[in-house]
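So the chains spell out like this:
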Amino acid sequence: MGMPQDWHAEPAIPLTCFVSPEVAFNSRALNGWFSYVKYHDDIGFFCVHAYGVCEWLFTVMLMTMAVLASATSLCVAFIFFRRRFKRVLRGNHVDDARKLREVPSITAVIPCYLPNEQYIIEETVEWIMHKVEYSGQLNVIVVYNTPIELPEIQQRFLEMQEMSWPGGRSFRAVHVTESRSKAANLNAALKLTEDPYVVIYDADHHPDPDSLILLWEKMSRRGVDCVQGSYYMRNLSQNQFGCRPCSFPFLARIIDAEFFTDWFLMKLVTRTFFLGNGYFSGSNALWKTDVLAAREFSVVAQTEDVDMAIQQLLDGRRIEFCAESRSGELAPIDCRGMWKQRLRWTIGWDETSLKHSGAFTDSGSLNCRARCGLVWTFLVRWAMTVLTVGAVYIGLPLTTYWPLRDAIWGKTITYMGRLCFVAGAGPWFLATVESLLQAPRRGCQGFIQAFFVFLVASPFGFASFFLFNFFLQLTSCFKLSTGRVGAWEVTKRAAPTKTMKHDVDHATCATDVVADEIEGVSAERNLKIVIPMPEDMQDGAGFSPNQITPSTAESSESLSDHRVCGQALPV
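Residues numbered from 1 in each chain as written. Predicted model: local features only at pLDDT ≥ 70, side-chain atom pairs only at ≥ 80, totals over all residues. Heavy atoms only, no water.

1. Some words on the pattern of salt bridges
Formally: Salt bridge, as applied in this entry: a Lys or Arg side-chain nitrogen positioned within 4 Å of an Asp or Glu carboxyl oxygen. For helices the rule is a DSSP run of H or I covering at least 4 residues; for strands it is a run of E covering at least 2, with both sets numbered from the N terminus onward. Any residue under 20% of the maximum accessible area for its type is buried, any over 50% is exposed, and the rest in between are partly exposed; the area is computed with a 1.4 Å probe on protein chains only.
Tallied over the entire structure, the rule returns 23 salt bridges. Notably, a salt bridge pairs Glu-324 with Arg-87, separated by 3.7 Å at the nearest N-O pair. Of this pair, Glu-324 sits in strand β13 (residues 319-329) while Arg-87 sits in helix α2 (residues 53-90); the two residues are 237 residues apart in sequence, bridging distant segments of the chain. For Arg-87, a relative accessible area of 38% gives the class partly exposed. Salt bridges sharing common partners tie together Arg-83, Arg-84, Arg-87, Glu-324 and Glu-434.

Written out as structure tokens, the structure is:
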């Protein structure tokens, strides 16, 4: 049997291939929703291809991200406009808070680790005593632990206990000798607290004057168990971003913008649409004392606040956010310090989520919404991380190399990709507008903050922060899976701006920096003395303890008190 006469002829052209790209584009099935056009050099035709496995995986990923991004954008818009309507209808809550007649006694608890925070704790106490508004009785307790004896600062605490504070406020310092953690300090303080309400501040926090009355106003109005206020950075120009010598004093401003977006928009989305509750974040939080004391802070957790938050939520406690109640804190001194701090936070979230994950679905007092909210907030975030990696760091390069057009990707991928970008721009725009509306509260710094919010909330800022958080998540998973978590590491305070010499006890105030590992806790024993000075004192004139008043700490950029070991420093 002979060969066919056309055995040497050109191969047959598939029915889905066409000479013209326009004809191929218009010949796609289902109007091109699940197919695309590709040019083949070998045959010189434009061919229609249905979605394969890779295209379908990419479609599902983009569709999921588009739905989530759209839902997030709508939720953020709801939070934004609801805040505007509330202010129109209800007015200023600060005025309402100042009119409240029934104001109970409150204990302010400040956990402190010495010597790391010995140069800022007195300033914090003075700030709270003199600056924080509250017409009721306010009792301040500093609970501290230290691996070494600090006679100078302990003597200063004794002197402060005998001082006469404004409005009859009282001060007490308690050395928790058996403590090795902030959690143990807090547990000890709760046993000493007799007031019905307790507010917690970290040692570096300077609450805004109206912050406490706003917390109490919301607690009394809503009848909740806890009200959590927000944070911002107060040392805005002294923290370095980047690696020397190419570093800039922008780190605190970047974190400040991130915190603003989180507190004023994203945390409220979680509270309103998922959890139905806020959650405790460690500082600037007002609690009912009996509710908080019903549980103990975990002394082994990397983030004792998250562990306590989950315990209280599982008990059915009601927690609210109050973003308008603000407190300024100190940012890490550099990017390395920020990495260590955020890694501890990430490990803490991960280990606490795993520890309590089984309780999220156990029978109990929680309703279905609360349980789903706990699963979404603490567990689903890992799946969201994987999806975001695919959408941002796989999808973006692909759609940059091959433009996001109907003929190249098909209608489904094209529209889902565009929807992701448009929906993602919603929070960016609203966060920037919110920061501009809030800017007058902080004056010039508020408008500078708005600029950094514009950068941080942008797609570029989101991608950068997500990459940073992704590596934190990978590191956390590696450390948890290999058992290399290690001890709780102290966050260094205050970037050096001017090193002063002062002859004090070498055990507490030497000029060399030596890190000691004591009882498994990383502690800085000998620290450089860091004294930011007012401009009128930089000419070499001395100043006395009488000059060190709360007015010298008025600036939001103040880092530490003008005292070392309770003594005024000659300049």
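Next comes the rest of the description.
2. Let's talk about the nonpolar core
One recurring pattern in soluble globular proteins is that nonpolar side chains are buried together. Worth spelling out the cut-off: Side-chain atoms within 4.5 Å link the members of a nonpolar core, which is a set of buried Ala, Val, Leu, Ile, Met, Phe, Trp, Tyr and Cys residues. In what follows, residue pairs with any heavy atoms lying within 4.5 Å of each other are defined as contacts.
Counting 64 residues, the largest nonpolar core has Phe-280, Trp-287, Leu-292, Phe-297 and Leu-374 as its most contacted members. It is helix α8 (residues 251-275) that contributes the most residues to this core, 13 residues altogether. Residue contacts for Trp-287: discarding those within four places in its chain leaves Pro-196, Tyr-197, Val-198, Ile-200, Met-219, Asp-225, Cys-226, Phe-280, Leu-292, Gln-312 and Ile-319. Membership of the second largest hydrophobic core comes to 39 residues, among which are Val-140, Leu-150, Val-199 and Cys-322.

3. Let's talk about the sheet that holds strand β12 (residues 285-288)
Put simply, the rule reads: Between any two strands, at least two bridges found by DSSP are needed for them to pair.
Strand order in the open sheet formed by 8 strands is β6-β5-β4-β7-β12-β9-β13-β8, with mixed pairing between adjacent strands. Unpaired on one side and paired on the other, β6 (170-175) and β8 (206-207) mark the two borders of the sheet. Two strands pair when backbone bridges link them, and strand β7 (residues 197-200) and β12 are joined in this way by 4 bridges, in the antiparallel orientation. In the sheet register, Ile-200 faces β12, and the bridge partner there is Ala-285.

4. Considerations on the sheet that holds strand β3 (residues 45-50)
Spatially, β1-β3-β2 is the arrangement adopted by the 3 strands of the open sheet, whose pairing is antiparallel. Sheet topology places β1 (17-18) and β2 (35-40) at the edges, where each strand pairs with a single neighbour. With 2 bridges connecting them, β1 and β3 associate as antiparallel partners. Paired with Phe-18 across the strands is Phe-46, a residue of β3.

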